Amino acid sequence: MADDNRACVGGFVDTTVHEDVKDYYGKVLKKTEDLKSNACVAPAKPVPAFIRQALKKVHPEVTARYYGCGLVVPECLEGCKILDLGSGSGRDCYMLSQLVGQKGHVTGIDMTEDQLDVARTHVDYHMKEFGYKTPNVSFVQGYIEALTEAGLEKSSFDIIISNCVVNLSPDKKRVLAEAYSVLKDGGELYFSDVYSSGRLTEEIKNHKVLWGECVGGALWWKDLLLLAEEVGFSPPRLVTASVITVDNKELQDILGDFKFVSATYRLFKVPKGNTKPCRVMYNGSITGAEDSFQFDRRYTFKVDDPVEVDGEVATILTQSRFKADFTFQPPGGPCEPRGAKPEEAIVDPFELVLQLEKPSPGSATGGCCSTKSAPCCK
Ligand SMILES: C[S@@+](CC[C@H](N)C(=O)[O-])C[C@H]1O[C@@H](n2cnc3c(N)ncnc32)[C@H](O)[C@@H]1O
């Protein structure tokens, strides 16, 4: 149902897709400007200053082969163990290496030797630049559909990120299942990818350039919700989305009326069944989010303002690395929420794109009480 037929033959991954994609990212493309659409480089979110600084420290040869489609910087990273699926030349790994610090670690996995070569060549340069005594970054060659086979341990990562890669996989369900298995309990898959407005035709899926350009393998966004549920993740929370345009007449004709967006979702590995809403108060302890923390499109938590969250978010906040950044009370406590009410939840990235084009109504929070507390991954 949700996955593509071209790709799954008798339940096995069709390795010709892998070979085509390796060829595209290893041989055909040499730099960002070689792309034929903006699918792989669409900015999905404005970049905060501290991340711009971190990006500036990445070696230009690494940046020149960046093909991502979003900003994959989840909050609260100090000391975390992060895995980057389809790390390419390593730009995001080197950016995150600075944010997890010397006690954290970032592992990049990619199947394309040429991309890994660029990433590995610059490990020493970056470690010196960041002032680290021992490298906190490593790169593994392997398939994102087979993480444990590539030597990655089950239940060993706090966070998995990915930037414009899952669409390229012939077996998205397997990618999500493998990600789930190597995440720790309470861990998060935070990733940006390309999504389509409907299930794509065989003609589109079989077009090598469209697939390589991150469009031909795009999931219908509703299928992500189904796959996430089948694999065991919490329902995807939409963080941001932006339109993708394919500025090439020949490719446009094949794509017809299908529309595409780059969207960032967060999925958590948390227990199911607790659906009780809760009143939470953010204490401002996340680096870069000292005044407010935008969790997703629905919830932006301002420091010391109580907010009533739905059962899904209550479970995520109490079971994940964010636990220490909040205080929790039963809903309807002594202080009434003040300020704007949380916006309605949006999971459809196409709806979000339309909403973002309208003037902003402001962020969503409530109000009163306070405390301060501790860091993230230990
Ligand atoms: C669009 S590029 C994005 C690279 C990187 N995330 C970035 O932002 O620059 C896609 C990358 O994913 C890798 N890739 C695609 N499918 C893969 C798979 N099934 N297993 C491992 N790597 C894969 C490709 O080799 C390529 O380096």
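Looking up the chain in an unreviewed UniProt entry gives the name Arsenite methyltransferase, with the organism given as Zoarces viviparus. UniProt, in the comment section headed Sequence similarities (unreviewed entry), describes the chain in these words: "Belongs to the methyltransferase superfamily. Arsenite methyltransferase family."

Student: Describe in detail the environment of threonine 327, supporting the description with residues and values.
Tutor: Tracing the backbone shows threonine 327 in strand E15 (residues 326-329). Overall, threonine 327 belongs to the partly exposed group, with 16 C-beta atoms counted inside 10 Å. Put simply, threonine 327 and valine 280 are 47 residues apart on the chain and 5.6 Å apart in space, counted from C-alpha to C-alpha.

Student: Lay out the site of the ligand in plain terms, naming residues and giving numbers.
Tutor: Near the ligand, the surroundings consist of 25 residues, among which Gly68, Gly86, Gly88, Met111 and Thr112 are the closest. Elements supplying a minimum of two residues to the shell around the ligand: helix H1 (15-28) and helix H4 (91-100). It is H1 that contributes the most residues to the shell around the ligand, three residues altogether. Residues that form the shell around the ligand fall into these classes: 12 nonpolar, nine polar and four charged.

Student: So what's going on with the nonpolar core? Which residues, and what values?
Tutor: Judged by nonpolar contacts, the single largest core of 95 residues is most densely connected at Ile82, Leu96, Ile160, Ala179, Leu189, Val194 and Tyr195. Taken domain by domain, this core gets at least three of its residues from each of domain 1 (8-268) and domain 2 (278-357). Here tyrosine 195 is in contact with Ala218, Leu219, Trp220, Trp221, Leu224, Phe260, Val261, Ala263 and Pro349, once residues within four sequence places are set aside.

Quick notes on the rules
- Residues numbered from 1 in each chain as written.
- Predicted model: local features only at pLDDT ≥ 70, side-chain atom pairs only at ≥ 80, totals over all residues.
- UniProt positions renumbered as here; feature names shortened; annotations may be inferred.
- Helix = DSSP H or I, 4+ residues; strand = E, 2+ residues; numbered from the N terminus.
- Buried ≥ 20, exposed ≤ 12 C-beta atoms within 10 Å, placed from the backbone.
- Near = placed C-beta within 6 Å.
- Nonpolar A, V, L, I, M, F, W, Y, C, P; charged D, E, K, R; others polar.
- Core = buried A, V, L, I, M, F, W, Y, C linked by C-beta atoms within 7 Å.
- Domains from an automatic or database assignment.
- Contact = placed C-beta atoms within 7 Å.

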